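Structural description and commentary
Here are the chains, one letter per residue:
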Amino acid sequence: PEAITVQELANRMAEKGADLVKALFKMGMPVTMTQTIDQDTAELLVTEFGHNISRVSESDIDLAIDVSEDAPDSLRPRPPVVTIMGHVDHGKTSLLDALRGTDVVRGEAGGITQHIGAYQVTLKDKSRITFLDTPGHEAFTQMRARGANVTDIVVLVVAADDGLMPQTIEAIHHTKAAGVPMIVAINKVDKYEANPQRVRERLLEHEVVVEEMGGDVQNVEVSALKKTGLDDLIEKIQLQAELLELSANPDRPGEGTVIEAKLDKGRGPVATVLVNRGTLRVGDVFVIGAESGKVRALVDDKGRQIKEAGPAMPVEVLGISGVPSAGDPIQVVENEARAREVAEYRQSVLTQKRTTTAPASLESMFSALR
Ligand code: GDP
Ligand code: MG
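Cut-offs applied
- Residues numbered from 1 in each chain as written.
- Chains lettered and ligands numbered in written order.
- Predicted model: local features only at pLDDT ≥ 70, side-chain atom pairs only at ≥ 80, totals over all residues.
- Heavy atoms only, no water.
- Helix = DSSP H or I, 4+ residues; strand = E, 2+ residues; numbered from the N terminus.
- Buried < 20%, exposed > 50% of the residue type's maximum accessible area, 1.4 Å probe, protein only.
- Contact = heavy atoms within 4.5 Å.
- Areas by Shrake-Rupley, 256 points an atom, 1.4 Å probe, with all protein chains shown as cover.
- Near = heavy atom within 4 Å.
- Polar contact = N/O pair within 3.5 Å; in protein donor to acceptor, adjacent residues only side chain to side chain.
- Nonpolar A, V, L, I, M, F, W, Y, C, P; charged D, E, K, R; others polar.
- Pairing = 2+ DSSP bridges.
- Arc of directions from axis to C-beta.
- Axes fitted to C-alpha atoms, helices over the stretch in contact; angles between N-to-C directions.
- Left-handed = near helix turned anticlockwise from the far one by under 90°.
- Phe/Tyr/Trp six-rings, centres within 6.5 Å; stacked < 30°, edge-to-face > 60°.
- Lys NZ or Arg CZ within 6 Å of the ring centre and 35° of its normal.
- Core = buried A, V, L, I, M, F, W, Y, C linked by side-chain atoms within 4.5 Å.

The protein carries the name Translation initiation factor IF-2 in an unreviewed UniProt entry, which gives Sphingomonas aerophila as its organism.

**Let's talk about the overall build of the protein**
Check the secondary structure of the protein and you find eleven helices and 19 strands. Evaluated residue by residue, the protein yields a buried proportion of 51% over its 370 residues. At a minimum sequence separation of 6, the contacts of the protein that also span at least 24 residues come to 72%. For the protein, the accessible surface area stands at approximately 17600 Å², while carbon and sulfur atoms represent 50% of it.

**Observations concerning the site of ligand 1**
Near ligand 1 lie 15 residues; those nearest to it are Asp89, Lys92, Thr93, Ser94 and Asp190. Gly91 is positioned with one of its backbone polar atoms (N or O) 3.0 Å from an oxygen atom of ligand 1. Asp190 is positioned such that a nitrogen or oxygen atom in its side chain is 2.7 Å from a nitrogen atom of ligand 1. In the complex, the protein chains occlude 73% of the 570 Å² of accessible area that ligand 1 would expose alone. With three residues, the single largest contributor to the shell around ligand 1 is helix H5 (residues 92-100). Here the shell around ligand 1 is composed, by residue class, of three nonpolar, seven polar and five charged.

**Focus on the pairing of strand S19 (residues 329-332)**
Strand direction decides the pairing type here: strand S11 (residues 255-264) and S19, joined by three bridges, are antiparallel. Pairing of Glu255 across the sheet is with Gln331, part of S19. Sheet analysis places strand S14 (residues 285-288) next to S19, joined by three bridges and oriented antiparallel. Opposite Val287, over in S19, you have Gln331 as the bridge partner.

**Notes on helix H8 (residues 196-204)**
For H8, the complete set of buried residues consists of Pro196, Val199, Arg200 and Leu203. Projected down its long axis, H8 carries its buried residues within an arc of 100°, all on one side. Elements in contact with the buried residues of H8: strand S7 (153-159), helix H7 (166-178), strand S8 (182-187) and strand S9 (218-221).

**Quick look at the packing of helix H1 (residues 6-13) against helix H2 (residues 17-26)**
A packed helix pair is summarised by two numbers, namely the angle formed by the two axes and the spacing between the axes. Interaxial distance between H1 and H2 falls to 8 Å at its minimum, and their mutual angle equals 120°. Viewed along their axes, H1 and H2 form a crossing whose handedness is right-handed. On the side of H1, the interface is formed by Val6, Leu9, Ala10 and Met13, while H2 contributes Gly17, Leu20, Val21 and Leu24.

**A short note on the sheet that holds S8**
The strands making up a sheet associate through backbone hydrogen bonding, with each pair oriented either parallel or antiparallel. The strand order S5-S6-S4-S7-S8-S9 describes an open sheet built from six strands, whose pairing is mixed. The strands lining the two open edges of the sheet, one partner per strand, are strand S5 (118-122) and S9. Between one strand axis and the next, the sheet turns through 25° on average, direction left out of account. Here S7 runs beside S8; their pairing, made up of six bridges, is parallel. Within the sheet, the bridge partner assigned to Val154 lies in S8 and is Met182.

**Quick word on unusual backbone geometry**
Phi is positive for Asp89, close to 70°, though the residue is something other than glycine. By the element assignment, Asp89 lies in the loop between strand S4 (81-86) and H5. In this structure, Lys227 takes a positive phi of about 60° despite not being glycine. Under the relative-accessibility criterion, Lys227 is labelled exposed at 52%.

**Observations concerning the side chain of Asn249**
Position of Asn249 among the secondary structure elements: in the loop between strand S10 (247-248) and S11. Asn249 gets classed as buried once you look at its relative accessible area, which sits at 6%. Only 2.8 Å separates the side chain of Asn249 from the backbone nitrogen of Asp251, close enough to count as a polar contact. Residues contacting Asn249, with those up to four places away along its chain left out, are Asp70, Ser74, Leu75, Arg277, Gly278 and Pro311.

**A look at the packing of aromatic side chains**
Scanning the entire structure with this criterion turns up one aromatic pair. For the pair Tyr119 and Phe131, a centre-to-centre distance of 5.7 Å together with 35° between the ring planes defines the contact as tilted. Taken together, the positions of Tyr119 in strand S5 and Phe131 in strand S6 (residues 128-132) put the pair twelve residues apart, joining distant regions of the chain. The buried category is assigned to Phe131, whose relative accessible area is 1%. In this arrangement the basic side chain of Arg100 is found over the ring face of Tyr119, its NZ or CZ atom lying 4.3 Å from the centre.

**Re the nonpolar core**
Ile84, Leu95, Leu99, Phe131, Val155, Leu233 and Ile237 are the most contacted members of the largest nonpolar core, which has 25 residues in total. Of all elements in the fold, only S4, H5, S5, S6, S7, S8 and helix H9 (230-244) reach the threshold of two or more residues within this core. In terms of residue count, H9 provides more of this core than any other element does, five residues in total. Sequence-distant contacts of Leu233, defined by excluding residues within four places in its chain, comprise Leu95, Leu99, Val155, Ile183, Val220 and Val222. If you look at the next biggest cluster of nonpolar residues, it comprises 20 residues, including Val158, Ile172, Val199 and Val210.

Structural data, given as structure tokens:
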């Protein structure tokens, strides 16, 4: 049987806890805010307060969340977001690690790197590149299917000794479907069997025409193992990013996308979020998918607690009511009541999708309370 504390129920109903305690007292149940009540009692209370019909609609969401376009003069340059794809064992992880090693800020943080699914490298010239550390093609397509196009540039890793393999070709298809520019990193060139030219030729068969073959796709020979070609790769990423003229308005309520989320034993629900536009700050009230919350802490990829995160910055968010899903949007809203309303509404939509029989009213309202 489901149980919920009076305080929690009050929070989710956007009512005062004291009012619920009073109502319960009248119903013959003298309980305090921190005590739990059962599902039946909770349902009674919900109807008592007139919440029996889902009060929130799509239009309320539009009211709660600022979806306005940014004026051109509010846009500022932002770092590119790069995803690394390629066939298994071609060196995606090794390359990500090697690139991470080029971060000039990493040393200052004492070298304690957190795995948060994404990280940002600061280069010598102070410019930054964000790498998504979720190289699975599945994650990429799943995010895209959810309308979350967070990647600006794909780096396709092809091992020079192995050549084009099934997942290489799959990655080419995904990248083309997403309309994202690609840079080919021909890896493992330190190996005796390496044949980079063969890779460039084979790419032609899949309509990836690199510069040496008369096309405009950039390619670079690297060795993640020997750490060669990394500067060249970074330069090419920067060049590609310049062409894209990436920008975002940092001066608005923060908005982002969940890269990954988990329930942490000590810290509760934690989501790694990539900020798309605006600035996310400690203390901000937000909705995140069908959950809501108030930012209790922001932790960067170096494990440091930070006060705010701007566009293209990956950051761990603490203070969420539950665990959201990858690809969920996070949006800063005006106040906690609004945040809960939107989360409740989304929960009820999710519940309605799951249950075909139950009517939308009380049933879904209570599901939203779980
Ligand atoms: P992933 O599956 O694409 O993430 O590939 P990994 O990064 O796990 O690398 C697979 C294997 O290739 C590991 O044994 C790496 O040490 C090796 N490897 C990766 N990059 C290079 C490279 O540049 N040169 C050589 N010789 N080996 C490499
Ligand atoms: Mg790997």
